Amino acid sequence: DTGVSQNPRHKITKRGQNVTFRCDPISEHNRLYWYRQTLGQGPEFLTYFQNEAQLEKSRLLSDRFSAERPKGSFSTLEIQRTEQGDSAMYLCASSLGVLRTDTQYFGPGTRLTVL
Amino acid sequence: GENVEQHPSTLSVQEGDSAVIKCTYSDSASNYFPWYKQELGKRPQLIIDIRSNVGEKKDQRIAVTLNKTAKHFSLHITETQPEDSAVYFCAASSNTGTASKLTFGTGTRLQVTL
């Protein structure tokens, strides 16, 4: 499968713990995006990278959230001191990066449950 | 920022009938409008998209129309089949500045009955 991959697929944690998710984009894709999706809602934009540079962050991304994309390949999203409100599906997407609005391909997501 | 509204939230049609889902957006700078299909527990998958330089695009049983003046776009599925049952999301994106984010609607759950 040469699509976007995410690990882990599921994560259950206790409130206050830190969690880290990984996203591997489609090879040769320069842009990588993180979205959050709660039940019954569409994905909400969190942040995106052009190669290794983080170019935009949503106001949804509180200080407890940090994302990195070292070397412009895979990306990690870390949530510190998790809260029950962080429970959601975290989706990663990637795109070629040729056009500003090129097609975004999504990964299967990481479902986070905070107890 | 951009705001996308989507209607209806649920839609039930009989196999073979047509289904229409409508979205409106607020940012006149938006110029790219993709539609994603998401089956239960699966990733969103792009089914069709349209850019603001065209008014309609068709791919087999699926078509999308765009009215930039009214700021709305619609998804049309003809000859629906049971495998079309899923949640459909519309989205809008602008190429202003460095922003390349998609703003999604709240989704339409389509149920195709036999």
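Here goes a summary of the coordinates provided. Predicted model, so just to flag it, every value in this text is computed and none were measured. (Residues numbered from 1 in each chain as written. Chains lettered and ligands numbered in written order. Predicted model: local features only at pLDDT ≥ 70, side-chain atom pairs only at ≥ 80, totals over all residues. Heavy atoms only, no water.)

1. A look at the overall build of chain A
Scanning chain A from N- to C-terminus turns up 0 helices and 11 strands. Along chain A, helices and strands appear, N-terminal first, in the series β-β-β-β-β-β-β-β-β-β-β. Taking 2.2 N^0.38 as the reference for a compact globule, 115 residues should give roughly 13 Å; the C-alpha atoms of chain A span a radius of gyration of 13 Å, in line with that estimate. Each principal axis of the C-alpha distribution contributes one length, and for chain A these read about 40 × 30 × 25 Å. For chain A, buried positions account for 50% of its 115 residues. Summing over all exposed atoms, chain A offers an accessible surface of approximately 5800 Å²; the carbon and sulfur share of this is 46%. (Helix = DSSP H or I, 4+ residues; strand = E, 2+ residues; numbered from the N terminus. Rg over C-alpha atoms; globule rule 2.2 N^0.38 Å. Buried < 20%, exposed > 50% of the residue type's maximum accessible area, 1.4 Å probe, protein only. Areas by Shrake-Rupley, 256 points an atom, 1.4 Å probe, with all protein chains shown as cover.)

2. Notes on the layout of surface pockets
Residue and element names in this part refer to chain B. Here the largest pocket defines a volume of roughly 600 Å³. Residue lining of the largest pocket: 28 residues in total, with Gln38, Leu40, Gly41, Val87 and Arg109 positioned closest to the centre. Of all the secondary structure elements, the ones that give two or more residues to the lining of the largest pocket are β9 (86-94) and β11 (108-113). Tallying contributions element by element places β11 first for the lining of the largest pocket, with 4 residues. In the lining of the largest pocket, the residues fall into 8 nonpolar, 15 polar and 5 charged. (1 Å grid on protein atoms, 1.4 Å probe; cavity = no way out; pocket = protein on both sides within 12 Å on 5 of 7 lines; lining within 4 Å. Points joined across faces, edges and corners; volume = space filled by probe spheres on them. Nonpolar A, V, L, I, M, F, W, Y, C, P; charged D, E, K, R; others polar.)

3. With respect to the pattern of salt bridges
The tally for this structure, following the rule as stated, stands at 7 salt bridges over all chains. The residue A:Asp24 makes a salt bridge to A:Arg22 at a minimum N-O spacing of 2.8 Å. Put simply, B:Asp84 and B:Arg61 hold a salt bridge, and the shortest N to O gap is 2.9 Å. With B:Asp84 in the loop between β8 (72-77) and β9 and B:Arg61 in the loop between β6 (56-59) and β7 (62-67), this residue pair connects regions lying 23 residues apart in the sequence. What makes B:Asp84 buried here is its relative accessible area of 6%. (Salt bridge = Lys/Arg side-chain N within 4 Å of Asp/Glu carboxyl O.)

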